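# Coordinates in review
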Amino acid sequence: MPSYARPLTSRLPQVGTTIFTVMSALAQEHGAINLSQGFPDFDAPAELLSLLDQAAKAGHNQYPPMAGVPVLREAIAAKVQALYGAAYSPDTEITVTAGATQAIFTAMAALVHPGDEVIVFAPVYDSYAPSVELQGGKVVYATLAHPDYRPDWAQVKALITPRTRMIVINSPHNPTGMVWTADDMAQLEALVRDTDIVVLSDEVYEHMVFDGARHESVMRHPGLAERSVVVSSFGKTYHVTGWKVAYCLAPRELMAEFRKAHQFIVFTVHAPTQHALAEFMQRPGWYEQLKALYQGKRDIFRQALSGSRFELLPCAGTYFQCVTYRAISEEGDRAFVERLTREHGVAAIPVSAFYPGGDDHGVIRFCFAKSAGTLERALERLIRL
Ligand code: PMP
Ligand code: GLN
């Protein structure tokens, strides 16, 4: 190490390597079936891959416009109009981003000032708190209490102060698979009315809501939409998590601030994928097929585990199933998933990784976005435990 004139003080002293990277690496090391990090083990539709090839060969290989290619922004505007009855201008209110992670970071960089408070709900997706802290913001934790993981609106109300700048919500929720109701949205709307709080709504699992329930996008609720930044991800929707393409919608004034930061964080996003996605988004019926695909996988997974010693928690959305394992082991969740990976050949995520204090309720998360063969092999191992 060189000796620095000033000590090199970490901006993120509490942060190590993300649990998703750690568990995927452990799965690989032990040749385990990887149900930890959330990504499909099946490929994107062949037609989408051909469109990518065609877009590159058609010469879409230089910087696209900063906010994203116009045909893609128009397709996104048409989508949210059709699904949620929401009107967003492709010119001024929609921006294509390098994944939802970048959209979330950029929204915070653009809108959170040093000393501002940002309310998040724990268990919480792991990128939110560090992204707030890098802006000098203060993270304030509301609780989604185990095992129901329902928001406690009286608690949220008590956490709001004059310094609250943003509330980050995520439904369907990673890792618990909970889905917020229209009443939750009404409660949130009532709490933020007459404040200057911005809502950042992470809706990357918007198409994975099961059993006939509907996704309560903030875009369905004008009183929330007018103060919200909404994020979705093509990675989840088209089985292309490695493309890292997502998008963000917000009313004009918020989006103008978002773009000021976006242009210096990433400037713009991989061009051929944007053209391919714009074309593929014209295919009818995709979102319904996707929902049916994942509901079917969830049902297979739950059906098989219902005959095991794992206890299933509800899964109303996302491609994650949480379980408890007290009948199998008294270990902490990290120790248990490590042993599950090493000795039984199935990797999972310990849900304690989603809590600032590492709260351990003995809950682990499996990703069921896997081919029928992978699920079958994993389930064979899990039901033997
Ligand atoms: N938010 C949530 C809740 C997620 O689960 C994920 C990824 N699994 C992201 C954001 C990040 O999405 P992306 O890969 O598009 O950056
Ligand atoms: N969001 C994915 C998950 O919850 C992982 C994404 C990542 O590895 N950063 O598993």
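Structure: above.
To keep things clear, this report deals only with the structure shown in the data block. Only a predicted model underlies this, so the values are computations on that prediction, with no experimental measurement involved.

Reading the values: the criteria
- Residues numbered from 1 in each chain as written.
- Chains lettered and ligands numbered in written order.
- Predicted model: local features only at pLDDT ≥ 70, side-chain atom pairs only at ≥ 80, totals over all residues.
- Heavy atoms only, no water.
- Near = heavy atom within 4 Å.
- Polar contact = N/O pair within 3.5 Å; in protein donor to acceptor, adjacent residues only side chain to side chain.
- Helix = DSSP H or I, 4+ residues; strand = E, 2+ residues; numbered from the N terminus.
- Nonpolar A, V, L, I, M, F, W, Y, C, P; charged D, E, K, R; others polar.
- Pairing = 2+ DSSP bridges.
- Contact = heavy atoms within 4.5 Å.
- Axes fitted to C-alpha atoms, helices over the stretch in contact; angles between N-to-C directions.
- Areas by Shrake-Rupley, 256 points an atom, 1.4 Å probe, with all protein chains shown as cover.
- Parallel < 35°, antiparallel > 145°, perpendicular 65-115°, else oblique.
- Left-handed = near helix turned anticlockwise from the far one by under 90°.
- Buried < 20%, exposed > 50% of the residue type's maximum accessible area, 1.4 Å probe, protein only.
- Arc of directions from axis to C-beta.
- Core = buried A, V, L, I, M, F, W, Y, C linked by side-chain atoms within 4.5 Å.
- Salt bridge = Lys/Arg side-chain N within 4 Å of Asp/Glu carboxyl O.

Another aspect to go through is the site of ligand 1. Near ligand 1, the surroundings consist of Gly99, Ala100, Thr101, Tyr125, Asn170, Asn174, Asp202, Val204, Tyr205, Ser233, Lys236 and Lys244. At 2.8 Å, a backbone N or O of Ala100 approaches an oxygen atom of ligand 1. The side chain of Tyr205 places a nitrogen or oxygen atom 2.5 Å from an oxygen atom of ligand 1. Per-element accounting of the shell around ligand 1 gives the leading share, 3 residues, to helix α4 (residues 99–111). Partitioned by chemical class, the residues of the shell around ligand 1 number 4 nonpolar, 5 polar and 3 charged.

For the rest of this paragraph, the subject is the sheet that holds strand β9 (residues 311–312). One open sheet holds the 4 strands; their spatial order is β9-β10-β13-β12, and the pairing between them is antiparallel. Both edges of this open sheet fall to β9 and β12 (349–350), since each of them pairs with a single strand only. Relative to strand β10 (residues 320–324), helix α12 (residues 286–305) is tilted by about 15°, and along the sheet it contacts β9, β10 and β13 (363–367).

The immediate surroundings of ligand 2 are formed by Phe20, Gln37, Gly38, Tyr125, Asn174, Lys236, Phe320 and Arg365. Between a nitrogen atom of ligand 2 and a side-chain N or O atom of Tyr125, the distance comes to 3.0 Å. For ligand 2, whose accessible area on its own is 300 Å², the fraction buried by protein is 80%. Along the lines of polarity and charge, the residues of the shell around ligand 2 split into 3 nonpolar, 3 polar and 2 charged.

Here we take up the packing of helix α3 (residues 70–84) against helix α11 (residues 271–280). One way to put it is that α3 packs onto α11 with a least axis distance of 8 Å and a crossing angle of 40°. By the angle between their axes, α3 is oblique relative to α11. Considering only the axes of α3 and α11, their crossing is left-handed. When α3 is examined against α11, the residues Val71, Leu72 and Ala75 are found in contact with a partner set consisting of Gln274, His275, Leu277 and Ala278. Class assignment for the residues of the contact of α3 with α11 results in 5 nonpolar, 2 polar and no charged.

Across the interface, helix α2 (residues 46–57) lies against α11 with an axial gap of 8 Å and an inter-helix angle of 130°. Judged by the inter-axis angle, α2 sits oblique to α11. Crossing handedness for the pair α2 and α11: right-handed. Of the residues in α11, those touching α2 at Glu47, Leu48, Leu51, Leu52, Ala55 and Ala56 are Pro272, Thr273, His275, Ala276, Leu277, Glu279 and Phe280.

All of the buried residues in helix α7 (residues 182–192) are Asp184, Met185, Leu188, Glu189, Leu191 and Val192. Buried residues of α7 fall within an arc of 160° about the axis and therefore sit on the same side. Of the surrounding secondary structure, the elements contacted by the buried residues of α7 are α6 (153–159), β5 (164–170), β6 (198–202) and α8 (222–225). Note on α7: the residue one or two positions beyond its end, Asp194, has a positive phi of about 65°.

What follows is about the sheet that holds strand β7 (residues 228–233). Spatially, the 7 strands line up as an open sheet ordered β2-β8-β7-β6-β5-β3-β4, and their pairing is mixed. Of all strands in the sheet, those with a lone pairing partner are β2 (94–97) and β4 (138–143), marking the two edges. Taken pair by pair, the neighbouring strands of this sheet meet at an average axis angle of 20°, ignoring direction. Sheet topology places strand β3 (residues 117–122) next to β5; 3 bridges connect them, and they run parallel. Looking across to β5, one finds that Val118 is bridged to Met166. Contacting β2 and β8 (246–249), α3 runs over the sheet at an angle of about 115° to β2.

Turning to the nonpolar core, a few remarks are in order. In terms of nonpolar packing, the biggest core is built from 124 residues, with Tyr238, Phe310, Ile364 and Phe366 touching the most fellow members. Per-element tally for this core: the top contributor is α4, with 7 residues. Not counting residues up to four positions away in its chain, the partners in contact with Phe310 are Leu305, Val323, Thr324, Tyr325, Ile328, Phe336, Ile364, Phe366, Leu382 and Leu385.

Let us now look at the pattern of salt bridges. This model, assessed by the stated rule, comprises 13 salt bridges. For Lys79, the salt bridge identified is with Glu206, shortest N-O distance 2.9 Å. Of this pair, Lys79 sits in helix α3 while Glu206 is found in the loop between β6 and α8, placing the two residues 127 residues apart along the sequence. Each member of the pair, Lys79 as well as Glu206, is classed as buried. In this structure, the salt-bridge partner of Asp211 is Arg298, at a minimum N-O distance of 2.8 Å. Residue Asp211 is found in the loop between β6 and α8, and its partner Arg298 is found in helix α12; the two are separated by 87 residues along the sequence. Each of Glu47, Glu279 and Arg283 takes part in one network of salt bridges that share partners.

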